[in-house]
Amino acid sequence: MTQMLQIEFFDNTLLAWVAALAVLLLGTGLLWLLRPLTVRLLEGRVARRPSRSLKLALEMVRRTNYAVLLFVALWAACALLVIPAKVRGLVGSLAMIMVFVQFGLWGGVLVNSGVRSLMLKGRDETTATGLSVISFLARIAVWSAVALLILDNLGVNITTLVAGLGVGGIAIGLAVQNILGDLFASFSIILDRPFEVGDFIIVDELMGNVEKIGLKTTRVRSLSGEQLVFSNGDLLQSRIRNYKRMAERRVLFGFGVLYSTPLHKLEQIPTLVRAIIEAQERVRFDRAHFKEYGDSSLNFEVVYSVLDRDYNLYMDIQQAINLALFKQFGEQGIDFAFPTLTVHMVQPPAD
């Protein structure tokens, strides 16, 4: 039996061929058996305790290709045999190429996982479209890196290729820099989310509700009805005020009364104003003061907060306060001031 195992076939003993075949079959069988077992184990754990890391691990195991396992086992089996260098190199190159392809598949899983986590934060159509574009570009980058690694493994000098691609990329970038600037600005808006579709924003002197966030422009419907189109790059360079995210609205207003108003009535005005404001719902009173001596009035300043961002509610409350002030001042005999000019005429003395 020992002598039979020492018989040579194609420069390898029968024992070496048996060992290589055993490594190929056992390696392939174990790897192919291990993959479904791992999938079942992870599926059970995800069903009991769902988590992002477990779901990611499960998806990566599912994306493990059987052909990769076969070539890895074949490469391990060839290591036990004396075979021509060209054949060994070919098998090694094929195994390495399959490993690189597997890395590309896993990279795609990581990209999709990251995009899904971002989509959970914003479920609107614009966000989904933008993240789909980001996912597409990220997968292109992953598979471009895989292609370069494969070419390098095959002996292709990729230095010149990378340099040529770099020069071409710079030329293309300079030619479409405005478009690329707006494109990356849209990605920034989608990821950083300074505003979303439906938000009421003010940009410089323009204002309106955001209708759509595109890859190059953002469209806003103004209060007067027309559509405002902003370049995404210019929009991010502007000062944006987002009123939808306002938790409460601080209101400051003032009024003036006549200089002829008695002192005891001036002292009553802050208390009267406070009672009027505190009688309103969803309002927090801050202060009311006799602020200054104006040109033709004694000026008061009042501050309160509306505990809601709704503009119509704010206007209803301010209207109620104004009407109550008008009524109370009428009952108390306090007159609102208006711009007046007093002319004093002096009779010159007679000679």
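Everything below is about the structure shown above.
What counts, and at which threshold
Along each chain, residues carry numbers from 1 onward, in the same order as the chain's sequence is written. Local features in a predicted model are, by the rule used here, given only for residues with pLDDT of at least 70; side-chain atom pairs are given and counted only at 80 or more, and totals for whole chains, interfaces and linings are based on all residues. The side-chain values count all of the structure's non-hydrogen atoms but skip hydrogen atoms and water molecules. The pairing criterion is simple: DSSP has to find at least two bridges between the two strands. Only runs of H or I of at least four residues qualify as helices and only runs of E of at least two qualify as strands under DSSP, and these elements are numbered from the N terminus. In this description, a line fitted to the C-alpha atoms serves as the axis of each element, helices being fitted only across the stretch in contact, and the angle between N-to-C directions of two axes falls anywhere from 0 to 180 degrees. In this analysis, two residues are considered to be in contact whenever any of their non-hydrogen atoms come within 4.5 Å of each other. A patch consists of residues whose relative accessible area exceeds 30% and which take part in no salt bridge; residues with like charges are grouped when within 9 Å of each other, and nonpolar side chains (Val, Leu, Ile, Met, Phe, Trp, Tyr) when within 5 Å. Methods summary: accessible areas were calculated by the Shrake-Rupley approach with a probe of 1.4 Å, and residue burial reflects only the protein chains presented. We count a salt bridge whenever a side-chain nitrogen from Lys or Arg sits within 4 Å of a carboxyl oxygen from Asp or Glu.

**What to know about the pairing of strand β4 (residues 206–213)**
Piece 1. With 4 bridges joining them, strand β3 (residues 200–203) and β4 adopt antiparallel strand pairing. Each residue of the ladder has a partner; that of I202, found in β4, is M207.
Piece 2. Once β3 ends, the chain turns through 2 residues before running back antiparallel as β4, passing D204 with a positive phi of about 55 degrees.
Piece 3. Relative to strand β5 (residues 217–222), β4 is paired through 5 bridges, and the arrangement is antiparallel. If you follow V210 over to β5, its bridge partner there is V220.
Piece 4. Between the end of β4 and the start of β5, which pair antiparallel, lie 3 residues.

**Let's talk about the sheet that holds strand β9 (residues 283–293)**
Piece 1. Here we have 3 strands laid out as an open sheet, ordered β8-β10-β9, and antiparallel in their pairing. The open sheet has two free edges, formed respectively by β8 (249–257) and β9, since each of these has just one partner strand. Each strand axis lies, on average, 20 degrees off the axis of its neighbour in the sheet, ignoring direction.
Piece 2. Both β8 and strand β10 (residues 298–306) contribute to a ladder of 9 bridges, which runs antiparallel. Across the sheet, G254 pairs through a bridge with E301, a residue of β10.
Piece 3. Helix-sheet contacts for helix α10 (residues 263–278) involve β8, β9 and β10, and the interaxial angle to β10 is about 20 degrees.
Piece 4. Along the sheet face, helix α11 (residues 311–332) touches β8, β9 and β10 and points at about 25 degrees away from the line of β8.

**So, a nonpolar patch on the surface**
Piece 1. On the surface, F136, L137 and I140 cluster together into a nonpolar patch covering about 260 Å² of accessible area.
Piece 2. Within the secondary structure, F136 is located in helix α6 (residues 125–153).

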